[in-house]
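# Structure assessment
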Amino acid sequence: MSKKKAPLSTWTRRDVLKASAASTAIAGAPMFFSRHAYGADFLNNPGDGKTVTLGFNVPQSGAYADEGADELRAYQLAVEHLNGEGDGGMMNTMQPSALKGNGILGKKVEYVTGDTQTKSDAARASAKRMIEKDGVVMVTGGSSSGVAIAVQNLCQETGIIFMAGLTHSNDTTGKDKKANGFRHFFNGYMSGAALGPVLEKAYGKDRRTYHLTADYTWGWTQEQSIIASTENIGWTTEQKVMTPVGAGDFSQYIAPILNSDADTLVLNHYGKDMINSLTQSIQFGLRDKQKNGKDFQIIVPLYSRLMAQGAGENVKGIYGSTNWHWSLQDEGSKAFVKSFGAKYGNPPSQAAHTCYVQTLLYADAAERAGTFEPCQIVSALEGHKFDGTGNGPTEYRAEDHQCFKDVLVVKGKDNPSSQFDLLEVVEVTPRAQVEYAPDHEMFAGGDLGSCNNGA
Amino acid sequence: MNKSAISDWVLFFGFAAAILTMPVWLAPFGANYPDLMQKFAIFGVFAIGFNILFGLTGYLSFGHAAFLGVGSYTVVWSYKLLTMNIIPGIIFAVIVSGIFAFLIGYVSLRRSGIYFSILTLAFAQMSYNLAYSVLTPITNGETGLQLTLSDPRILDSMAGVAVTNSVPNPSVFGIKTSGLPGFYICAVVLIIGFFIALRITRSPFGMMLKAIKSNQTRMAYTGFNTRPYLLWAFVISGMYAGLAGGLLAVTDPLAGAERMQWTASGEVVLMTILGGVGTLVGPVIGAVVIKYFENIFSSFNKSELHQVFAALPDGLENVVVSVTSMFVGKGWHLTLGLMFMIVVIFLPGGIMEGVRRVGRLFGIGKPKTLKPASVATTEQGQANG
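As the structure is a computational prediction, the values presented were derived from the model and not from experiment.

Okay, the overall build of chain A next. Per the secondary structure count, chain A includes 13 helices and 17 strands. In terms of overall dimensions, chain A is globule-like: its C-alpha atoms have a radius of gyration of 25 Å, near the 23 Å expected for 455 residues. Reported as C-alpha extents along the three principal axes, the dimensions of chain A are approximately 85 × 65 × 45 Å. Every one of the 455 residues in chain A was classed for burial, and the buried ones make up 62%. Within chain A, contacts between residues separated by at least 24 positions form 73% of all contacts whose residues are at least 6 apart in sequence. Only carbon and sulfur atoms are counted for the fraction: they give 49% of the accessible area of chain A, which is about 16100 Å².

Let's shift gears to the sheet that holds strand β6 (residues 208-214) of chain A. In a beta sheet, neighbouring strands pair by backbone hydrogen bonds and run either parallel or antiparallel. Residue and element names in this part refer to chain A. Within the open sheet, the 7 strands sit side by side as β7-β6-β8-β11-β12-β16-β17. Their pairing is mixed. Each edge of the open sheet carries a strand with a single partner, namely β7 (236-243) and β17 (423-429). Strand-to-strand twist in this sheet, taken as the mean axis angle between neighbours without regard to direction, amounts to 20°. Here strand β16 (residues 407-412) pairs with β17 via 6 bridges, running antiparallel. Bridge pairing links Val407 to Thr429 in β17. Helix α5 (residues 188-203) contacts β11 (297-302), β12 (319-322), β16 and β17 of the sheet and is inclined by roughly 150° relative to β12. Together, β6, β7, β8 (264-268) and β11 form the strand contacts of helix α6 (residues 217-232), whose direction differs from that of β6 by roughly 165°.

Turning our eyes to something else, we now look at the domain arrangement of chain B. All names here are of chain B. Looking at the assigned domains, one finds that chain B contains domain 1 (3-299) and domain 2 (301-385). On a C-alpha basis, the centroid separation for the pair domain 1 and domain 2 is 29 Å. Contacts between the two partners involve 17 residues from domain 1 and, on the opposite side, 17 residues from domain 2. Summed over the three residues of domain 1 that lose the most area to domain 2, namely Leu274, Phe293 and Phe297, the buried surface amounts to 38% of that side. Counting across the domain 1 and domain 2 interface gives 0 salt bridges. Our enumeration of links across domain 1 and domain 2 arrives at 3 residue pairs in polar contact (both at pLDDT 80 or more). Those elements that provide at least two residues to the side of domain 1 that touches domain 2 are α13 (262-275) and α14 (282-296). Per element, the largest residue contribution to the side of domain 1 that touches domain 2 is 6 residues, and it comes from α14.

Looking now at the pattern of salt bridges. One side chain can pair with another of opposite charge once the charged atoms of both are near each other. Considering all chains together, one arrives at 32 salt bridges over all chains under this definition. Among the salt bridges present, the one from Arg153(B) reaches Asp151(B), with a minimum N-O distance of 3.7 Å. Each member of the pair, Arg153(B) as well as Asp151(B), is classed as buried. Overlapping salt bridges, with partners in common, bring together Arg124(A), Lys128(A), Glu157(A), Asp35(B), Lys39(B) and Asp252(B) in one network.

The bond known as a disulfide is covalent and runs between the sulfur atoms of two cysteines. Residues and elements named next belong to chain A. Tallied over the full model, the rule gives 1 disulfide over all chains. Across the disulfide, Cys375 is cross-linked to Cys451 (sulfur-sulfur distance 1.9 Å). Taking the sign of the torsion about the S-S bond as the criterion, the disulfide between Cys375 and Cys451, at about 105°, is right-handed. Of this pair, Cys375 sits in helix α12 (residues 374-381) while Cys451 is found in the segment after α13 (431-434), placing the two residues 76 residues apart along the sequence. The exposure class of Cys451 is partly exposed, given its relative accessible area of 29%. In this structure Cys155 is not part of a disulfide, and its nearest cysteine sulfur, from Cys375, lies 14 Å away. What makes Cys155 buried here is its relative accessible area of 0%. Of all cysteine sulfurs in the structure, the one in Cys355 sits closest to Cys403, which takes part in no disulfide; the separation is 13 Å.

On to the interface of chain B and chain A, then. Contacts between the two partners involve 50 residues from chain B, matched on the other side by 42 residues from chain A. For the pair chain B and chain A, the summed buried surface comes to about 4700 Å²; carbon and sulfur atoms form 57% of the total. Counting across the interface, chain B meets chain A through 4 salt bridges. Going through the elements one at a time, α1 (3-20), α3 (34-57), α6 (113-134), α9 (179-202), α10 (204-214), α14 and α15 (302-308) of chain B are the ones with two or more residues in the side of chain B that touches chain A. Ranked by residue count, the leading element in the side of chain B that touches chain A is α9(B), at 7 residues. Classifying every residue of the side of chain B that touches chain A by side-chain character gives 21 nonpolar, 18 polar and 11 charged.

To continue, consider the domain arrangement of chain A. All names here are of chain A. Looking at the assigned domains, one finds that chain A contains domain 1 (51-186 + 326-404) and domain 2 (189-322). Measuring from the centre of the C-alpha atoms in domain 1 to the corresponding centre in domain 2 gives 29 Å. Each partner contributes to the interface: domain 1 provides 26 residues, whereas domain 2 provides 23 residues. With both chains or domains summed, domain 1 and domain 2 bury close to 2000 Å², and 57% of this area falls on carbon and sulfur atoms. Of the charged contacts in the structure, one is a salt bridge between Lys272 and Asp66, with a shortest N-O distance of 4.0 Å. Among the elements of the structure, α2 (65-82), α4 (145-158) and β15 (403-404) are those that each provide at least two residues to the side of domain 1 that touches domain 2. If one sorts the elements of the side of domain 1 that touches domain 2 by residue count, α2 sits on top with 4 residues. A class-by-class count of the residues in the side of domain 1 that touches domain 2 yields 12 nonpolar, 10 polar and 4 charged.

Residue and element names in this part refer to chain A. Taking 1.5 Å of rise per residue, 14 residues should cover 20 Å, and helix α10 (residues 331-344) covers 20 Å from first to last C-alpha, within 8% of that figure. Gly332, Ser333, Ala335, Phe336, Val337, Ser339 and Phe340 are the residues of α10 that are buried. As for α10, its buried residues are in contact with α2 and α11 (350-369). One or two residues past the end of α10 sits Gly345, with phi positive at roughly 80°.

Conventions used here
- Residues numbered from 1 in each chain as written.
- Chains lettered and ligands numbered in written order.
- Predicted model: local features only at pLDDT ≥ 70, side-chain atom pairs only at ≥ 80, totals over all residues.
- Heavy atoms only, no water.
- Helix = DSSP H or I, 4+ residues; strand = E, 2+ residues; numbered from the N terminus.
- Rg over C-alpha atoms; globule rule 2.2 N^0.38 Å.
- Buried < 20%, exposed > 50% of the residue type's maximum accessible area, 1.4 Å probe, protein only.
- Contact = heavy atoms within 4.5 Å.
- Areas by Shrake-Rupley, 256 points an atom, 1.4 Å probe, with all protein chains shown as cover.
- Pairing = 2+ DSSP bridges.
- Axes fitted to C-alpha atoms, helices over the stretch in contact; angles between N-to-C directions.
- Domains from an automatic or database assignment.
- Buried area = accessible area lost by both parts, 1.4 Å probe.
- Salt bridge = Lys/Arg side-chain N within 4 Å of Asp/Glu carboxyl O.
- Polar contact = N/O pair within 3.5 Å; in protein donor to acceptor, adjacent residues only side chain to side chain.
- Disulfide = S-S within 2.5 Å.
- Nonpolar A, V, L, I, M, F, W, Y, C, P; charged D, E, K, R; others polar.
- Expected span 1.5 Å × (residues − 1).

Take a look at the structure:
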């Protein structure tokens, strides 16, 4: 505590004017010198350097942290394979492939990581660090569509390629699509389209659904997609309730379901949220109930093996959809599962798969384009058709930068043979059934804009 | 001019010089990239404003993030509706957050001490939940408010700004406000904010606030009505927070509800305490330290640690890396918690007290050793982290 008496009014108007003029001059000077700091023809051009850096931006904390950790493992594996270390994984099965196993365009691949905290602000700060400080040519990651869309916008604004990781909202390649952003993962519409016929076969034409939905872009669009699909088979929608992401305790949302007329609960939740809401629903005895003369059923439209592992016994017999599953028997999947398992001792999740494939696809596009320039990579990826990455023949549609491929409908196994063998593939829905027009009403309102090189 | 006025000038120009030369002296720390320096300056503004309330009057508000969020939303809406020029948005952000602070302050300041803190926390949490789910049409909920091609931007279209195929960037008279220019804009605002805070602290009004802190009852007995002073201090610091929130949207045109979360309110309290409550420079130092940890420490991963400790023998290297990796990457909170514990226990006046002690060490020559951190604090720090 200072005992000194503070001077009360010793500043004249002239002093203030002088001070403000001086500080303006000091502040303005550096701006004058630094406006054209980037001389390269595109942002973060590695030029003649021996290395190229990729940015892996995943949630390491929050409701989606498990998925983030698995994504990071997949990215590290992809970097190893690109640099010619390890057994090469899908590099040997991807068709066509320009990858040589000597890095990308002869430059050794390095990477930086960041924690998105599943928050848009933190994710953008972390992506900006990668772009401004570490000089990455590509940012990839996700595990929350809100974050993926925010980072995709950032990459569009700054002129960096964004290869979306796990993001399932229709908006990522719908109303928020961007020229510099690409998504390999499937989306809510595809889940709905794939699940509809299977649900009809399993549960009939007359059901009343109750939706619990994560309150952000992914939850909203998935709920919309599932409702469209289930109402198409004659089901009715009883109620839709929004829940905050990372709520932890869902009991207050589950109790009212018991008092409603609904006989089917749709959990539009993911990650730890899904584990908690499903476990609590089972604890409340929902699945033992009879409603409208039918057994009460639960559906989890977006499933993952990591979540099934977290929810344990509770997933038995519950339907959902997934982008990929490690039990698939095609060459690409087998090669990937083998090298992932050898390195980490457990099979990869669908999040790991999509992130791994995205990294290879980026590297392949750069090889084919012969440069890291974003606009060239965009044209190399647009309309690109490939196979051997676990999903059968796949195409990056030029109109919205969404991959089109088969979708898996899965069900929790009744008698799992191991701690990883939790889901069985009920049906592989062919691409034609889940495809939609680029201007479909659930995806309308966006514009890719033009690609941005950032310089 | 008397002696303390001169020392104020020295302080002010020293501060201004330190802020403006950040791109140079932050280079050895790996922190001289625009986004992080912008965060330093913006959260510096936030912490300086918070200190006007907490440092001068002693009223601990746990809800200042609400004003930060209001500022951000206001600026983004100004982009969407009016113009991509940042000036109207910034002005609106300060005004709107000021009004917001007046309303919350008017109610909260009926109580003092812990009750005041809880009231502000409640209001902030209420604002957060409103922004998160109830007011989704205004705030776009969890996804965050973002710019789109189809925004009206009335003033821009009246001025005949050509509509292109990409979302326009915020600017101030043709200068883009991202990157390094964005940092200098934030830096100038921070310096002006610092100057105003300096004048407030030295003014009769500032004396009143300090008197409230030392003994509010005595103030009341001598015939002063303290509430208007408190309310003004609350509104001013709310305006600073709104300004900081606005600057966040200036450097990055996006506003999300998480800016209003209680953790964000807690963060500014930490910044102020870490740097030194009631000091002018302390809150800024606290903001820099915390943002540095959040952005740099969280980015270290194991392979980088292996590079750092590559000189050690293999077995030892693995042990060292696995121990240190607990404190970096996602464990950065742990490091921050530790540091916070150490500062609060050994330097109750924050980092500024440390600076003063070191100054005394050299200036007056009275040797005074700092106690080293003991193992006990390490454990407490972990519990805190």
